[in-house]
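# Architecture and fold: a report
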Amino acid sequence: MDLFPRAQKSYIPVYKPFHIDVDKGKGVYLYDKDGTCYLDFLAGIAVNALGYQHPAINEAILKQVKRNLHLSNYFVQDVQVDLAERLLALTPFSKLFFTNSGTEAIEGLLKLVKKWGNEHNKKEIIAFSGSFHGRSLGALSITMQEKHQKHFLPLLPNIIEVPFDDTAAFEAAINENTLAVFYEGITGEGGVRPVSRFMLEAMKAGRDQYGYLLIADEIQTGVGRTGSFYYYEQTGLIPDAIATAKGLGGGLPLGAFLVNEKLQDVFLSGQHGTTYGGNPLACATGLATVEIISQKLFLDRIQQKGSYFKGLLYELANDFSDIVSDVRGEGLMLGVEVRNNALDIMDTAFKNGLLFNIAGGNTLRFIPPLIIEQSDIDTAYEKIRLTFKSLFR
Ligand SMILES: Cc1ncc(COP(=O)(O)O)c(C=O)c1O
């Protein structure tokens, strides 16, 4: 029996998968069982930062498999400590906690922030319209999208929604009772929208005035995706904590939250925990990934490749100005907003051998493996143009 009816019969129907029976991935390509290949600008939703079958990842897996696959946090583990030290050395943060996913990192931060708020008599958490922080009840409470929240109300209390990038509304919303502001420097699922410099300045000034916490969700923007190891490095605004995941594990489930000295002692023994978080196999691939991506040369190349790709997308916007309304993003996290037909464009590009998905309703989102070459970008662009021509000209 074909794979798709079997999946349909077995799975709770929350996903709409591409109709491709994947056999394997290699580099920046996915191959189906008939040998058809697809250029992958989705990369496991920004997870496969080093593509498929990267030698450093494979080597890390083989080495760790011969040692142990899981120990639990009843043990101090060398690969985990190595990765923790590496991440803290790359950032201004002083301590971290490992998780299995981005959502779990956000959940942990919500708990930590709430405890800090109880100790400082602050209650209100600000989140922005169009944000996406995960689908568990806590993370969903700060995911300000009606379509995600409406069936699951009531959610956490004391969450204040501020329209995205509306500085005046933000300034009106903050006060002595503001506990924390959760934000994505560039929204991911919300449609690749960077927060403006004015808003970043307002968030910083508000923190100086009211002493709230700034919590950056770097789950999608982090680990080199935007051309710096974390995106906040480009914004001039150092948050009090970040959540990181996706590319961090190099293909295995791994996340973390990193906090500054103000927050490092909030949780006491037993007040938080996880069974799998910081799993040694995931930390081994994480360490291999971070070692490669954190190199200045590698990050510079992401910026160069991103600028090159963005230039081509501007050309597309120019040639199809009736279809394209905006081009946004940094590094290799780029979005092309279209006036309509986003799903048709995605489906036709898929038939032309290029994989990407839609974010924020009408934005084509490109989040390829960070190892792509300029020639891969040229191939992707040819397929995008071919798609636009066949649909619109
Ligand atoms: C910005 C952001 N935050 C949180 C999450 C949730 O992460 P995960 O799916 O690993 O739980 C995502 C996932 O897409 C994300 O893009």
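Residues numbered from 1 in each chain as written. Predicted model: local features only at pLDDT ≥ 70, side-chain atom pairs only at ≥ 80, totals over all residues. Heavy atoms only, no water.

Another aspect to go through is the domain arrangement of the protein. Each domain of the protein was delimited in the assignment, giving domain 1 (3-53 + 296-392) and domain 2 (57-293). Spacing between the C-alpha centres of domain 1 and domain 2 amounts to 25 Å. Between domain 1 and domain 2, the contact holds 27 residues from the first and 29 residues from the second. Regarding the contact of domain 1 and domain 2, the summed buried area is about 2,300 Å², with carbon and sulfur atoms giving 60% of it. Among the residues of domain 1 in contact with domain 2, Leu50, Leu299 and Met333 are the three that bury the most area, contributing 27% of the side total. Linking domain 1 with domain 2 are 2 salt bridges. Close ionic contact of arginine 365 with glutamate 189 constitutes a salt bridge, the shortest N to O distance being 2.7 Å. On the surface where domain 1 and domain 2 come into contact, there are 11 residue pairs in polar contact (both at pLDDT 80 or more). Residue assignment for the side of domain 1 that touches domain 2 shows that the elements contributing at least two residues are α2 (43-46), α11 (296-319), β11 (324-330), β12 (333-338) and β15 (363-366). (Domains from an automatic or database assignment. Contact = heavy atoms within 4.5 Å. Buried area = accessible area lost by both parts, 1.4 Å probe. Salt bridge = Lys/Arg side-chain N within 4 Å of Asp/Glu carboxyl O. Polar contact = N/O pair within 3.5 Å; in protein donor to acceptor, adjacent residues only side chain to side chain. Helix = DSSP H or I, 4+ residues; strand = E, 2+ residues; numbered from the N terminus.)

So, about the pairing of strand β10 (residues 255-259). Within β10, 5 of the 5 residues are buried, which leaves the element mostly enclosed by the surrounding structure. Judged by which residues are buried, β10 turns out to be covered on both faces: Gly255, Phe257 and Val259 on one side and Ala256 and Leu258 on the other are all buried. Sheet topology note: the strand β4 (residues 95-99)/β10 ladder contains 5 bridges and is antiparallel. Opposite phenylalanine 97, over in β10, you have phenylalanine 257 as the bridge partner. By the bridge criterion, 4 bridges tie strand β9 (residues 241-244) to β10 in an arrangement that is antiparallel. When the bridges of β10 are listed, threonine 244 appears paired with alanine 256. (Buried < 20%, exposed > 50% of the residue type's maximum accessible area, 1.4 Å probe, protein only. Pairing = 2+ DSSP bridges.)

Moving on, we come to the sheet that holds strand β2 (residues 29-32). If you trace the 4 strands from one edge of the open sheet to the other, you get β1-β2-β3-β13, paired in mixed fashion. Each edge of the sheet is formed by a strand with only one pairing partner; in this case those strands are β1 (22-26) and β13 (354-355). Note: β2 against strand β3 (residues 37-40), 3 bridges, orientation antiparallel. Considered in β3, the bridge of tyrosine 29 is made with leucine 39.

Side chains of Ile12, Val14 and Tyr15 sit close together on the surface and give an oily, nonpolar patch of about 420 Å² of accessible area. Among the secondary structure elements, isoleucine 12 is positioned in the loop between α1 (3-10) and β1. (Patch = residues over 30% accessible without salt bridge, like charges linked within 9 Å, V, L, I, M, F, W, Y side chains within 5 Å. Areas by Shrake-Rupley, 256 points an atom, 1.4 Å probe, with all protein chains shown as cover.)

Here we come to the packing of aromatic side chains. Counted by the stated rule, this structure contains 13 aromatic pairs. Ring geometry for phenylalanine 41 versus phenylalanine 309: centroids 5.6 Å apart, planes at 90°, classification edge-to-face. With a gap of 268 residues between them, phenylalanine 41 in the loop between β3 and α2 and phenylalanine 309 in helix α11 connect regions that are remote in the sequence. Like phenylalanine 309, phenylalanine 41 is buried. Here phenylalanine 170 and tyrosine 212 contribute two aromatic rings whose centre-to-centre distance is 6.5 Å and whose plane-to-plane angle is 85°, an arrangement assigned as edge-to-face. In this pair, phenylalanine 170 sits in helix α8 (residues 167-173) while tyrosine 212 sits in the loop between α9 (197-210) and β8 (213-217), placing the two residues 42 residues apart along the sequence. Residue classification places phenylalanine 170 among the buried positions, given a relative accessible area of 0%. For tyrosine 212, a relative accessible area of 0% gives the class buried. Among the aromatic residues, ring-to-ring pairing joins Phe41, Phe309, Phe356 and Phe366 into one connected group. The ring of phenylalanine 198 carries the charged tip of arginine 197 above its face, separated from the ring centre by 4.9 Å. Above the face of the phenylalanine 298 ring, lysine 305 is positioned so that its terminal group lies 5.9 Å from the ring centre. (Phe/Tyr/Trp six-rings, centres within 6.5 Å; stacked < 30°, edge-to-face > 60°. Lys NZ or Arg CZ within 6 Å of the ring centre and 35° of its normal.)

Now for unusual backbone geometry. Each neighbour pair has its own omega, and for leucine 153 with proline 154 the value is -5°, a cis peptide bond. Look at asparagine 341: it is not a glycine, yet its phi comes out positive at around 65°. Counting through the fold element by element, asparagine 341 comes out in the loop between β12 and α12 (342-351). The partly exposed category is assigned to asparagine 341, whose relative accessible area is 31%.

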